[in-house]
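# Architecture at a glance
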Amino acid sequence: MSPIIQVTAPVIDPAGESARFIVGQDPEGHWVAIEIHGRAGGLFKNREAAFDYAVGETGHRPDAVQLSAERIALQL
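Notes on the structure in this doc start here. (Residues numbered from 1 in each chain as written. Predicted model: local features only at pLDDT ≥ 70, side-chain atom pairs only at ≥ 80, totals over all residues. Heavy atoms only, no water.)

Moving on, we come to the overall build of the chain. Of the regular secondary structure elements, the chain holds 1 helix and 6 strands. A burial count over the chain gives 28% of its 76 residues as buried. At a minimum sequence separation of 6, the contacts of the chain that also span at least 24 residues come to 55%. On the chain, roughly 4,900 Å² of surface is accessible, and the fraction owed to carbon and sulfur atoms is 54%. (Helix = DSSP H or I, 4+ residues; strand = E, 2+ residues; numbered from the N terminus. Buried < 20%, exposed > 50% of the residue type's maximum accessible area, 1.4 Å probe, protein only. Contact = heavy atoms within 4.5 Å. Areas by Shrake-Rupley, 256 points an atom, 1.4 Å probe, with all protein chains shown as cover.)

This is the structure:
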């Protein structure tokens, strides 16, 4: 069984750090995109939609979006 990565409460943005996202599937198999500090994220129809959202939110910066091999949980 894979461990689950949980992103919960938002954290204050230290020194204007830019948004970074993790894209993966939650324990139920839904595709999610989660900002690493918990400031943004959502559930998506498929991997492409989640990835496109994350890329758009990060201003198309290289290496700002990571695809997770582990299950991740979006906490609201």
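Structure shown, so let's carry the discussion forward.
So, about the nonpolar core. If you look at the biggest cluster of nonpolar residues, it comprises 7 residues: Phe21, Val23, Trp31, Ala33, Ala50, Ala54 and Val65. When residues of this core are traced back to their parent elements, those giving at least two are β2 (21–25), β3 (31–35) and α1 (47–57). (Core = buried A, V, L, I, M, F, W, Y, C linked by side-chain atoms within 4.5 Å.)

Taken together, 4 strands build an open sheet; the order of strands is β4-β3-β2-β5 and the sheet is mixed. Taken across any chain shown, the strands that pair with only one partner, and hence form the sheet edges, are β4 (41–44) and β5 (65–67). Between one strand axis and the next, the sheet turns through 20 degrees on average, direction left out of account. As judged from the 4 bridges shared by β3 and β4, these two strands associate in the antiparallel manner. Looking at the pairing, Ala33 lines up with Gly42 of β4. (Pairing = 2+ DSSP bridges. Axes fitted to C-alpha atoms, helices over the stretch in contact; angles between N-to-C directions.)

Next up on the list: the environment of Gly41. Here Gly41 is to be found in strand β4. Judged by its relative accessible area of 33%, Gly41 is partly exposed. A C-alpha to C-alpha distance of 9.4 Å links Gly41 and Gln75, two positions 34 residues apart in sequence. Setting aside residues up to four positions removed in sequence, Gly41 forms contacts with Phe21, Ala33, Ile34 and Tyr53.

Bringing the side chain of Glu35 into the picture now. Positionally, Glu35 belongs in strand β3. A distance of 2.8 Å separates a polar side-chain atom of Glu35 from the backbone nitrogen of His37. Only 2.6 Å separates the side chain of Glu35 from the side chain of Arg39, close enough to count as a polar contact. (Polar contact = N/O pair within 3.5 Å; in protein donor to acceptor, adjacent residues only side chain to side chain.)

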